[in-house]
Amino acid sequence: MGCCGDFFEKAKPYIAMTSLQFGYAGMNVITKVSLNHGMSHYVLVVYRHAFATISIAPFALILERKVRPKMTWSVFLQIFVLALLGPVIDQNFYYAGLKFTGPTFACAMSNILPAMTFVMAVIFRMEKVDMKKVRCQAKVAGTLVTVAGAMLMTLYKGPLMQMAWTSHVQPQGHGAEAPVAAIDPSGREWLLGSLFVIIATLAWASLFILQAHTLKQYAAPLSLTTLICFVGTLQAIVVTFAMEHRPSVWTIGFDMNLLAAAYAGIVTSSIAYYVQGLVIQKTGPVFASAFSPLMMIIVAVMGSFILAEKIFLGGVLGAVLIVIGLYSVLWGKHKETQETEEDEAMELPVASKTNGVYDDATFIKEIPAAAVGDDSECKKANGVKSSSDGHGASAV
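Because the structure is a prediction, the values reported are computed rather than measured.

## Let's talk about the overall build of the protein
Along its length, the protein carries 15 helices and four strands. Here the protein holds 396 residues, and 47% of them are scored as buried. The long-range share in the protein, meaning contacts at least 24 apart out of those at least 6 apart in sequence, stands at 86%. In the structure as shown, the protein presents an accessible area of about 20000 Å², 68% of it carried by carbon and sulfur atoms.

## A short note on the packing of aromatic side chains
The final tally for this structure, using the stated rule, is six aromatic pairs. Ring plane angle 90° and centroid distance 6.2 Å describe the contact between Trp73 and Phe76, whose orientation is recorded as edge-to-face. One end of the pair, Trp73, and the other, Phe76, are both in helix H3 (residues 73-100), three residues apart, so they sit about a helical turn from each other. Take Trp73: its relative accessible area is 74%, and that puts it in the exposed class. The interplanar angle of 40° and the centroid separation of 5.4 Å between the aromatic rings of Phe241 and Trp250 together place this pair among those described as tilted. A relative accessible area of 22% means that Trp250 is categorised as partly exposed. Ring pairs connect the aromatic residues Tyr47, Phe241 and Trp250, which therefore count as one cluster.

## Topic: the environment of Ser206
Note on placement: Ser206 falls in helix H7 (residues 187-217). Here the alpha-carbon distance between Ser206 and Gly86, two residues 120 residues apart in the chain, equals 8.9 Å. Apart from the residues lying within four places of it in its own chain, the contact partners of Ser206 are Leu85 and Met120. At 2.9 Å, the side chain of Ser206 and the backbone oxygen of Leu202 are in polar contact.

## Re a negative patch on the surface
A cluster of acidic residues, Glu341, Glu342, Asp343 and Glu344, forms a negative patch on the protein surface. On the secondary structure map, Glu342 appears in helix H12 (residues 313-346). Exposure remark for Glu342: the relative accessible area of 49% places this residue in the partly exposed category.

## Looking at the packing of helix H8 (residues 221-243) against helix H9 (residues 256-283)
Taken N-terminus to C-terminus, the directions of H8 and H9 make an angle of 135°; their axes are 9 Å apart at the nearest point. Regarding the angle of H8 to H9, the classification is oblique. The hand of the H8/H9 crossing is right-handed. Between H8, through Pro221, Leu222, Thr225, Ile228 and Cys229, and H9, the contact on the second element is made entirely by Ser269, Ser270, Tyr273, Tyr274, Leu278 and Gln281.

## Here's the deal with helix H5 (residues 113-123)
With eight of 11 residues buried, H5 is to be regarded as a mostly interior element. For H5, the full list of buried residues reads Leu113, Pro114, Ala115, Met116, Thr117, Phe118, Met120 and Ala121.

## What about the side chain of Ser270?
Mapped onto the elements, Ser270 comes out in helix H9. Within the local environment of Ser270, its side chain forms a polar contact with the side chain of Ser55, the two groups lying 3.2 Å apart. Side-chain polar atoms of Ser270 contact the backbone oxygen of Ile266, separated by 2.6 Å.

## A short note on the environment of Ala50
Looking at where Ala50 falls in the secondary structure, it is placed in helix H2 (residues 41-63). In the structure, Ala50 is positioned 180 residues away from Phe230 in sequence and 7.0 Å away in space, judged by C-alpha atoms.

## Digging into empty space enclosed by the protein
Applying the stated criterion to the full structure yields three cavities of 30 Å³ or more. Put simply, the largest cavity is a space of about 370 Å³. In terms of lining, the largest cavity is formed by 24 residues, of which the most central are Tyr24, Ser110, Leu113, Trp204 and Met295. Elements with a contribution of two residues or more to the lining of the largest cavity: helix H1 (2-36), H3, H7 and helix H11 (292-306). Classifying every residue of the lining of the largest cavity gives 14 nonpolar, eight polar and two charged.

## So, the confidence of the model for the protein
Regions with low pLDDT should not have their predicted coordinates read in detail. Summarising the model, the protein shows a mean pLDDT of 76, and 78% of its residues fall at 70 or more. Of all helices and strands in the protein, the one with the weakest mean pLDDT is helix H13 (residues 360-366) (43), whereas H8 scores best (93). This model gives residues 168-183 a pLDDT under 50, and the stretch forms 22 contacts once residues within four places in sequence are excluded. Counted against residues more than four places away or in other chains, residues 358-396, with its pLDDT under 50, gives 42 contacts.

## Considerations on the layout of surface pockets
Unoccupied space between atoms shows up once a probe the size of one water molecule is rolled over them. Taken as a whole, the largest pocket holds about 990 Å³ of empty space. Considering the residues around the largest pocket, the lining is formed by 31 residues, among which Lys282, Thr283, Gly284, Lys333 and Thr337 are closest to the centre. Going through the elements one at a time, H1, helix H6 (134-155), H7, H9, helix H10 (285-288) and H12 are the ones with two or more residues in the lining of the largest pocket. Among the elements that make up the lining of the largest pocket, the one with the highest residue count is H12 (10 residues).

Scoring rules and cut-offs
- Residues numbered from 1 in each chain as written.
- Predicted model: local features only at pLDDT ≥ 70, side-chain atom pairs only at ≥ 80, totals over all residues.
- Heavy atoms only, no water.
- Helix = DSSP H or I, 4+ residues; strand = E, 2+ residues; numbered from the N terminus.
- Buried < 20%, exposed > 50% of the residue type's maximum accessible area, 1.4 Å probe, protein only.
- Contact = heavy atoms within 4.5 Å.
- Areas by Shrake-Rupley, 256 points an atom, 1.4 Å probe, with all protein chains shown as cover.
- Phe/Tyr/Trp six-rings, centres within 6.5 Å; stacked < 30°, edge-to-face > 60°.
- Polar contact = N/O pair within 3.5 Å; in protein donor to acceptor, adjacent residues only side chain to side chain.
- Patch = residues over 30% accessible without salt bridge, like charges linked within 9 Å, V, L, I, M, F, W, Y side chains within 5 Å.
- Salt bridge = Lys/Arg side-chain N within 4 Å of Asp/Glu carboxyl O.
- Lys, Arg positive; Asp, Glu negative; His and termini not counted.
- Charge placed at Lys NZ, Arg CZ, Asp CG, Glu CD.
- Axes fitted to C-alpha atoms, helices over the stretch in contact; angles between N-to-C directions.
- Parallel < 35°, antiparallel > 145°, perpendicular 65-115°, else oblique.
- Left-handed = near helix turned anticlockwise from the far one by under 90°.
- 1 Å grid on protein atoms, 1.4 Å probe; cavity = no way out; pocket = protein on both sides within 12 Å on 5 of 7 lines; lining within 4 Å.
- Points joined across faces, edges and corners; volume = space filled by probe spheres on them.
- Nonpolar A, V, L, I, M, F, W, Y, C, P; charged D, E, K, R; others polar.
- pLDDT = per-residue confidence, 0-100.

Now the structure itself:
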């Protein structure tokens, strides 16, 4: 049972981030359908974060009422910037790019997220780079390959790929109409959509870095998520009023638009921000950003079956390069974690000494547990008497 418990504890970050990718994949497909039916992506962002705030606020108020840190101007400013980066810049640009391209392409382009996060983590000294070590070389090489894949997808479209699982959804005459979400944008729209997705991904990478820093000062993930979503809703309302001047865009009924807003808000904003924050606290921003290729694969299959989305050779080749580069970065990060654990295991305990006499409590805490178990041995060690009064192991 102990081994199973240790394995599950180590596997938690992997399970959490993998589960999030399924949530993100569903959001991409549902949102694409909603945008194709005419919903404004500015309004979608507002409703999405309103749903997110309402769904997670009760948990934050109840579960963190005793551990919530005091709000300071510094923390509030960071929350304001986090809301601007995530709900406003990232999602508005991502939805615009999604509308001009397609779910699979947008997901594949967003796979440059780990590379961007790694570069920014190095700049802000969250990651150390020693080019003499293989793991660092793997991370740098993976970053370059990932960027090359993204550039290939942006600049080269190539011929249409005929996938085995898409043959049943391709229209074959008889006056049949193409599915509403079939993707065949012009070259200008494709390039513009690519640039929008890159800007969105840069904002998302910046959010990872800043969120890691903010959680050190405001260690209440649920409350932080609630505040980000709430402030993001207010900011998105201001942006929507500036960009949309028709009152009719705010109309929403019991249809796909409501489903898209509720799903995106509850699953990929409130839950995702919270789980992502927990993983970042435990593993760092680079690890947390390293699972996006899985979303691309899920979306490619779902988009082909549900949306009859067209896949081009440039997208396939670029996606392969992105996945190779990404997992080169992830392998380097894994090796770095192993080295850190080995270094910590090899550190020998050192008893503190004050005025030539070993400190009693410190010595008992730092010597191996096996030696502490026998109280008589503790009393003999260096002539120092244990203060545990016959309960040596309890001092550990």
